[in-house]
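Listed below are the residues making up each chain.
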Amino acid sequence: MGNVSFDVMNARVTFKNVPIHSLSKFEFKDVSAACEEFKKIPGVDECVIIQTASRVEIFTVSNVEDEDSPDARRDEAKGLILNQVKDTWVSLSSLEQIDIDHFDQTIEVYKGNDVYRNLLRLAAGLDSFVVGKREVYDEITQSLEKAKQAGTSGKILNKLFDSVIRLATKMRDATGIEKDVVSLGDIAVKLVDEKAGLDAKKKVLLLGTGESAAQVAKTLNKKEIPYDVASRTLDRATGFSMVVGGTPVNFEDALAGLDKYDIVFVATTADYFIITHERIRLVMEEKKKGTLIMDISEPRAVNEDITSLPGIKLLFRDQIAEIYDESVKSRKGIIPAVEKIIEKELPVLSIRMQKLEN
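Analysis parameters
Residues numbered from 1 in each chain as written. Predicted model: local features only at pLDDT ≥ 70, side-chain atom pairs only at ≥ 80, totals over all residues. Heavy atoms only, no water. Helix = DSSP H or I, 4+ residues; strand = E, 2+ residues; numbered from the N terminus. Buried < 20%, exposed > 50% of the residue type's maximum accessible area, 1.4 Å probe, protein only. Contact = heavy atoms within 4.5 Å. 1 Å grid on protein atoms, 1.4 Å probe; cavity = no way out; pocket = protein on both sides within 12 Å on 5 of 7 lines; lining within 4 Å. Points joined across faces, edges and corners; volume = space filled by probe spheres on them. Nonpolar A, V, L, I, M, F, W, Y, C, P; charged D, E, K, R; others polar. Polar contact = N/O pair within 3.5 Å; in protein donor to acceptor, adjacent residues only side chain to side chain. Phe/Tyr/Trp six-rings, centres within 6.5 Å; stacked < 30°, edge-to-face > 60°. Pairing = 2+ DSSP bridges. Axes fitted to C-alpha atoms, helices over the stretch in contact; angles between N-to-C directions. Arc of directions from axis to C-beta. Parallel < 35°, antiparallel > 145°, perpendicular 65-115°, else oblique. Left-handed = near helix turned anticlockwise from the far one by under 90°.

**Observations regarding the overall build of the protein chain**
Piece 1. The helix and strand inventory of the protein chain stands at 14 helices and ten strands.
Piece 2. Across its three principal directions, the C-alpha atoms of the protein chain cover 80 × 45 × 35 Å.
Piece 3. Scored against the burial criterion, the 358 residues of the protein chain give a buried share of 53%.
Piece 4. Considering only intrachain contacts with a sequence separation of at least 6, the fraction spanning at least 24 residues in the protein chain is 73%.

**Brief notes about the layout of surface pockets**
Piece 1. Estimates place the volume of the largest pocket at around 360 Å³.
Piece 2. For the lining of the largest pocket, the secondary-structure elements that each account for two or more residues are helix H10 (211-222) and helix H14 (318-354).
Piece 3. The element contributing the most residues to the lining of the largest pocket is H14, with six residues.
Piece 4. When grouped by side-chain class, the residues that make up the lining of the largest pocket number eleven nonpolar, four polar and seven charged.
Piece 5. Elements that contribute at least two residues to the lining of the second largest pocket include exactly helix H7 (135-150) and H10.
Piece 6. Among the elements that take part in the lining of the second largest pocket, H10 stands out by supplying five residues, more than any other.
Piece 7. Looking at the lining of the second largest pocket residue by residue, the classes come out as six nonpolar, seven polar and six charged.

**Topic: the side chain of Thr268**
Piece 1. By the secondary structure assignment, Thr268 is in the loop between strand E8 (263-266) and helix H13 (277-285).
Piece 2. Of note is the side chain of Thr268, whose polar atom sits 3.3 Å from the backbone nitrogen of Ala270.
Piece 3. Leaving out residues up to four positions away in the same chain, Thr268 has contacts with Leu207, Gly208, Ile274, Ser297, Glu298 and Ala301.

**Some words on the packing of aromatic side chains**
Piece 1. Overall, the coordinates contain seven aromatic pairs when judged by the stated rule.
Piece 2. Arranged with centres 5.9 Å apart and planes meeting at 40°, the rings of Phe28 and Trp89 form a pair that is tilted. On the criterion of sequence distance, the pair formed by Phe28 in the loop between helix H1 (20-23) and helix H2 (31-39) and Trp89 in helix H3 (residues 71-92) is long-range, its members being 61 residues apart. We note that Phe28, like Trp89, is buried.
Piece 3. Linked through ring pairs, Phe26, Phe28, Phe38, Trp89 and Phe103 together constitute an aromatic cluster.

**Quick notes on the sheet that holds strand E7 (residues 247-248)**
Piece 1. Taking strand neighbours across the sheet as the criterion, the six strands line up as E7-E6-E5-E8-E9-E10 in an open arrangement whose pairing is parallel. Two strands close off the open sheet at either side, each with one partner strand: E7 and strand E10 (312-316).
Piece 2. In terms of strand pairing, strand E5 (residues 204-207) meets E8 through four bridges, oriented parallel. Each bridged residue has a counterpart across the sheet, and for Val204 the counterpart in E8 is Ile263.
Piece 3. Contacts from H14 reach strand E9 (291-295) and E10, with the element oriented near 35° to E10.

**Examining unusual backbone geometry**
Piece 1. Cis geometry is found at the peptide bond from Glu298 to Pro299, where omega equals -5°.
Piece 2. On the secondary structure map, Pro299 appears in the loop between E9 and E10.
Piece 3. Look at Asp180: it is not a glycine, yet its phi comes out positive at around 50°.
Piece 4. Of note in this structure, Glu224 is not a glycine but carries a positive phi near 60°.
Piece 5. Structurally, Glu224 can be placed in the loop between H10 and strand E6 (228-230).

**Describing H13**
Piece 1. When we look at burial in H13, the residues that qualify are Ile280, Val283 and Met284. Angular distribution of buried residues about the axis of H13 spans 90°; they occupy a single face of the element. In this structure, H13 carries Glu278 and Leu282 as exposed residues pointing more than 90 degrees from its buried face.
Piece 2. In the core, the buried residues of H13 are packed alongside helix H12 (251-256), E9 and E10.

**Description of the side chain of Ser350**
Piece 1. Inspection of the secondary structure puts Ser350 in helix H14.
Piece 2. Once you skip the residues sitting within four places of it in the chain, Ser350 turns out to touch Asn113 and Tyr116.

**Quick word on the packing of H7 against helix H8 (residues 155-175)**
Piece 1. One way to put it is that H7 packs onto H8 with a least axis distance of 11 Å and a crossing angle of 160°. Judged by the angle between their axes, H7 and H8 are roughly antiparallel. With respect to the hand of their crossing, H7 and H8 are arranged in left-handed fashion. Contacts between H7 and H8 involve Val136, Tyr137, Ile140, Thr141, Leu144 and Lys148 from the first element and Leu157, Asn158, Phe161, Asp162, Ile165, Ala168, Thr169 and Arg172 from the second.
Piece 2. Its residues assigned to classes, the contact of H7 with H8 comprises eight nonpolar, three polar and three charged.

Set out below in structure tokens:
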């Protein structure tokens, strides 16, 4: 009988390879129960899941016999475990056949040191929607807490996550990556608030379901301001609202009833104007109260000709670009410093983890 060594694996889908409105299909309704299911896979001893508005990440530890086991047999055992992880993921999520067919191209799988590097990058704020945001660090610590309470993590993942959380705290403090972090959504919402006043009584519409829209949505959530979400299809709006928030509404209905909204955020990736004078003239002509439309799309999705309609105020991305670009630029300079620390700490972490093998 050889020694038993462990195999750490990270299987994930993130906003970088799956549109935000589709991420809900990969999510688990009950993360702790999902961890339990992954642990039932023969050979899998530990499981931690990080599930946020921008990602679903599964970390598993399986024990693999060493020495007397030829490499081919070990690889076969690892391959079997990976297939069962994928099958379990499909069975616990709401993926449809079309998604399942593309599952292998969508899912990213990492082993060993790559797992450690991913987790360090994530905890340090390099891999999130908004570089440096503390939110993702908090989500990692909460995911570990939940797994510890549910008893699905163990010696290996506890050590890995605890080490990474400690290192990330050090990196964040040393580089100042999370200092004054503002997202495009934060700045857009702030400007709208300054110009028109934004509170829970205002009727708010968000057009779009991409990254910029998600940033606006997250800021609105934080301020506890309810809003409707519309996209090219109701399916997209529904998927987006399941992941990020908001109430999905039909796109055509939203435009036909545009007069009932006080504030409209437009954050689409369309390469044509989705709001024009012609399109909203009839519904807006009779409107008694003003409407503020904030277009942060690139390229612009709202035609300036709508300003000839009574009571319409239009703001563009250009009006917030300077503040936003400044924030992004200051963080861009910090990224290489953080990456340097990660590459220095990675071998140390790797050795620390190897010492846990029995």
